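Chains, contacts and geometry: an overview
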Amino acid sequence: MRIVFLGPPGAGKGTQATMLTEQLGYQHLSTGDMIRDEMDRGTELGQFAKTFYDKGDLVPDGTVIDMIKFRLADAENVILDGFPRTVVQAASLDDELSKIGVSLDRVVFFRVDVEELIDRLEKRREIEGRVDDEPEAIRHRMNVYNRETAPVVDYYRDNDRVTEIDALGTIDNVRGRLIEAIE
Ligand code: B4P
């Protein structure tokens, strides 16, 4: 199974992907985690990405696509968390998968209202101190999401590939709905 998790910042994609990985043995590919790892190690890519990431901007498509594409070939049971985030990335993912003769099995869209998203990200800032969870960066990320990532949902809807879940409620409640959606 190759599954994409789509949704606004703070929708719980990373939280649920981590749990499903542990529970059902999926491989978890998170572009956000990859970028944070590059930044923590101070690599050239990390230093470049940081100039976008800290402000809540998307890291440029070419950088993200190069970072993830070589990992797709070996990934049979995989959750793609936070990728694709633009229509260019979505088209590139389709191309890469078609080269190896496979396609996506599911695209799960996490639906959460904006007040709840802001509340979750503010709580995370208090706990983890993520720079991109500062109020101004949160507001900017929501705008970037509406402009760049919401069209990705439509891209997949056109091909009837989207399963939408209600991602409000406790983490366990959401997990139950998610497992039902992908089974
Ligand atoms: P990501 O790391 O992908 O993270 P995210 O959108 O902030 O959050 P996610 O939806 O995974 O929420 P989470 O489970 O953590 O992106 C960060 C940045 O990386 C982007 O802004 C961009 O700069 C860059 N980036 C990543 N991918 C990219 C790409 N493809 N192209 C370009 N740039 C890219 O949950 C959030 C909080 O809510 C957590 O504290 C969690 O504990 C809590 N929570 C989760 N579920 C909850 C629930 N049901 N109830 C209450 N709280 C909950």
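1. Considerations on the sheet that holds strand β1 (residues 2-6)
On the basis of which strands lie adjacent, the open sheet formed by five strands has the order β2-β3-β1-β4-β5 and parallel pairing. The sheet is open, and its two edges are formed by β2 (27-30) and β5 (162-166), each paired on a single side. Ignoring which end each strand starts from, the neighbouring axes of this sheet average 25° apart.

2. Quick notes on empty space enclosed by the protein
Scanning all chains against the criterion turns up two cavities of 30 Å³ or more. As for the largest cavity, its lining consists of Phe5, Leu6, Gly7, Lys13, Gly82, Phe83, Pro84, Arg85 and Thr149. Here the lining of the largest cavity is composed, by residue class, of four nonpolar, three polar and two charged. Estimates place the volume of the second largest cavity at around 30 Å³. In terms of lining, the second largest cavity is formed by Arg2, Leu72, Ala75, Val78, Leu80, Leu97 and Leu104. Of the residues that constitute the lining of the second largest cavity, the class distribution is six nonpolar, no polar and one charged.

3. Let's talk about the nonpolar core
Residues Leu6, Leu80, Leu93, Leu104 and Tyr156 are the most contacted members of the largest nonpolar core, which totals 28 residues. Examining the composition of this core, we find that five residues originate from one element, helix α4 (residues 61-72), more than from any other. Apart from residues no more than four positions distant in its own chain, Leu104 is found in contact with Arg2, Val4, Leu80, Leu93, Leu97, Tyr156 and Arg161. The next biggest cluster of nonpolar side chains, apart from the first, holds 21 residues, and it includes Leu20, Leu117, Ile138 and Val174.

Conventions used here
Residues numbered from 1 in each chain as written. Predicted model: local features only at pLDDT ≥ 70, side-chain atom pairs only at ≥ 80, totals over all residues. Heavy atoms only, no water. Pairing = 2+ DSSP bridges. Helix = DSSP H or I, 4+ residues; strand = E, 2+ residues; numbered from the N terminus. Axes fitted to C-alpha atoms, helices over the stretch in contact; angles between N-to-C directions. 1 Å grid on protein atoms, 1.4 Å probe; cavity = no way out; pocket = protein on both sides within 12 Å on 5 of 7 lines; lining within 4 Å. Points joined across faces, edges and corners; volume = space filled by probe spheres on them. Nonpolar A, V, L, I, M, F, W, Y, C, P; charged D, E, K, R; others polar. Core = buried A, V, L, I, M, F, W, Y, C linked by side-chain atoms within 4.5 Å. Buried < 20%, exposed > 50% of the residue type's maximum accessible area, 1.4 Å probe, protein only. Contact = heavy atoms within 4.5 Å.

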